[in-house]
Amino acid sequence: MTGAVLAAPLAAQAIPHPEAPAPKTSKQVTVRLHELAKASEQLAEQLNQAQIDVVAAQRAAAEATRVAAAAQVRARVAQRQLATSLASQYKAASFSRTAALLASSSTDGYLQTIQSMNLLTQHQSVVALTAKKAISTSDAAAARAKAAADAAVAKRALITKRQADLAKQVAKYKALLATLTAAERAKYYNPVPQPSATVVARVMARAIAPAPAPVSRWTRTSQPSQQSQSSQPSQPSQPSQSSPASRGAGAAISAARAQLGKPYAWGGSGPNSFDCSGLTAWAWRAGGVGLPHNAAAQQGMGRSVSRGALQPGDLVFFGSPAYHVGLYIGDGMMIHAPTTGDVVKISSLSYMSDYSGATRVG
């Protein structure tokens, strides 16, 4: 384990920051703001992954240290056994085979003495080998513990650098945002019309309603004729009218709804502020599912679902690798923590253009 373990993937995803000409019109400012917001969120999610990696490195270092300490104890025991064996061997060596023959009153007594001397020699060889292995194991374990600790320190230093990069990025973003009027900022934060309070209330009520009891397989249902089925035109894949969420998804949606209006903050995991993956992890914790604080990692959880099969509680992702995630609530809407300067809110999936998939985790 070395600092390069994390440096390599992060370097591969590094965000270029070319000095672009200063935007002059409000439209140019908005375009540049979208670029900075996306780059900042990508960097924030890299920081979240780096934090996960640091915790893993610290755990590895602690485990390696524990193994090293146990190996050192075994090595000391083996060394003491070797010293005792060598002392016994020294005493046995001073008692020669001739002396054993003269001191024995019978052939059987002589043979027993010689056999004891041979066994002592063999025992000394075994103890010496055991001690050698124990010392080698102890040295290797100590080296692994040091390497794991060094890796954790290196990753922590890399996080500090990434935090500085992100702070510069956010400062540029805020300075550019300040050049817009209040109306322009409102349009920037809500590029598509926000759903009305009535629509939101209806969608939320349906999303967290108890799921209906399953229909018995003996229930008779009317089926459309084959002719009527074939005469219906095919429809493009799009979110359908969602059925009520599962119990876990309903709890997750309720937890996310309680955070509406709280500010976005990179690295935020609640309860006062959130970033995108921090919000979904917080929400699904209430639903009984643990999620990592990273959008790309969350996309690897659960099972993938198509856009046309979305159900309340599904995680919806943007970018590849994912740099943004929201919690689907039904009717093409999600709860999410968008970007710096904004708040946790309900938006249409079309709020962002680079939708990249969805997963069902509960």
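Residues numbered from 1 in each chain as written. Predicted model: local features only at pLDDT ≥ 70, side-chain atom pairs only at ≥ 80, totals over all residues. Heavy atoms only, no water.

Caption draft 1: Up close: the packing of helix 6 (residues 197–208) against helix 8 (residues 247–257). Interaxial distance between helix 6 and helix 8 falls to 8 Å at its minimum, and their mutual angle equals 145°. Contacts between helix 6 and helix 8 involve Met204, Ala207 and Ile208 from the first element and Gly250, Ile253, Ser254 and Arg257 from the second. (Axes fitted to C-alpha atoms, helices over the stretch in contact; angles between N-to-C directions. Helix = DSSP H or I, 4+ residues; strand = E, 2+ residues; numbered from the N terminus. Contact = heavy atoms within 4.5 Å.)

Caption draft 2: Structural view of the packing of aromatic side chains. All told, the structure shown has 4 aromatic pairs when counted by the stated rule. A centroid spacing of 6.4 Å and a plane angle of 55° characterise the contact between Tyr173 and Tyr188, whose relative ring orientation is tilted. Of this pair, Tyr173 sits in helix 4 (residues 107–177) while Tyr188 sits in helix 5 (residues 182–189), placing them 15 residues apart in sequence. Of the two residues examined, Tyr173 and Tyr188, each falls in the buried class. On the basis of an interplanar angle of 50° and a centroid distance of 5.2 Å, the ring pair of Tyr188 and Tyr189 is categorised as tilted. Of the two residues examined, Tyr188 and Tyr189, each falls in the buried class. Here the aromatic cluster, defined as three or more aromatic residues joined through ring pairs, consists of Tyr173, Tyr188 and Tyr189. The side chain of Arg307 reaches across the aromatic face of Tyr355, ending 4.4 Å from its centre. (Phe/Tyr/Trp six-rings, centres within 6.5 Å; stacked < 30°, edge-to-face > 60°. Buried < 20%, exposed > 50% of the residue type's maximum accessible area, 1.4 Å probe, protein only. Lys NZ or Arg CZ within 6 Å of the ring centre and 35° of its normal.)

Caption draft 3: Geometry of unusual backbone geometry. A cis amide bond links Gly270 with the next residue in sequence, Pro271, at an omega value of 0°. Following Ser320, the chain continues into Pro321 via a peptide bond in cis, with omega recorded as 0°. One can find Pro321 in the loop between strand 2 (315–318) and strand 3 (324–330). Phi is positive for Asp331, close to 55°, though the residue is something other than glycine. Residue placement: Asp331 occurs in the loop between strand 3 and strand 4 (333–336). Of the residues examined, Asp331 reaches a relative accessible area of 23% and is grouped as partly exposed.

Caption draft 4: The sheet that holds strand 6 (residues 355–360), seen in detail. Ordered by their spatial adjacency, 6 strands build an open sheet running 1-6-2-3-4-5, and the pairing between neighbours is antiparallel. Strands at the two margins of the open sheet, each flanked by one partner only, are strand 1 (303–305) and strand 5 (345–348). Adjacent strand axes in the sheet meet at a mean angle of 40° when their direction is disregarded. The sheet contact formed by strand 2 and strand 6 spans 4 bridges and is antiparallel. Residue pairing across strands places Val316 opposite Ala358, the latter belonging to strand 6. (Pairing = 2+ DSSP bridges.)

Caption draft 5: The confidence of the model for the protein chain, seen in detail. Per-residue confidence for the protein chain averages 75 on the pLDDT scale, and 70% of its residues sit at or above 70. Ranking the helices and strands of the protein chain by mean pLDDT puts strand 2 first, with 97, and helix 1 (residues 4–12) last, with 39. Scored below 50 in pLDDT, residues 1–18 shows 26 contacts in the model against residues more than four places distant or in partner chains. Across residues 215–237 the pLDDT falls below 50, and counting only partners more than four positions away or on other chains, this stretch makes 3 contacts in the model. (pLDDT = per-residue confidence, 0-100.)

Caption draft 6: Structural detail: the side chain of Asn48. Positionally, Asn48 belongs in helix 2 (residues 26–93). Reaching out from Asn48, the side chain makes a polar contact with the side chain of Glu45 at a distance of 3.0 Å. For Asn48, the side chain forms a polar contact with the side chain of His293, separated by 3.5 Å. Setting aside residues up to four positions removed in sequence, Asn48 forms contacts with Gly267, Asp275, Ser277, His293 and Asn294. (Polar contact = N/O pair within 3.5 Å; in protein donor to acceptor, adjacent residues only side chain to side chain.)

Caption draft 7: Quick peek at the pairing of strand 3. In terms of burial, strand 3 is a largely internal element, 7 of the 7 residues being buried. Taken together, the 4 bridges between strand 2 and strand 3 define a ladder with antiparallel strand orientation. What sits directly across from Val316, in strand 3, is Gly326. Hairpin connection from strand 2 to strand 3: 5 residues lie between these consecutive antiparallel strands, with Gly319 at a positive phi of about 90°.

Caption draft 8: Geometry of the pattern of salt bridges. Applying the stated criterion to the full structure yields 7 salt bridges. Where Arg66 meets Glu63, a salt bridge forms, and the shortest distance between an N and an O atom there is 2.6 Å. Separated by 3 residues within a single helix, Arg66 and Glu63 lie in helix 2, roughly one turn from each other. Put simply, Arg360 and Asp314 hold a salt bridge, and the shortest N to O gap is 2.8 Å. Remark: Asp314 occurs in the loop between strand 1 and strand 2 and Arg360 occurs in strand 6; sequence separation between them is 46 residues. (Salt bridge = Lys/Arg side-chain N within 4 Å of Asp/Glu carboxyl O.)

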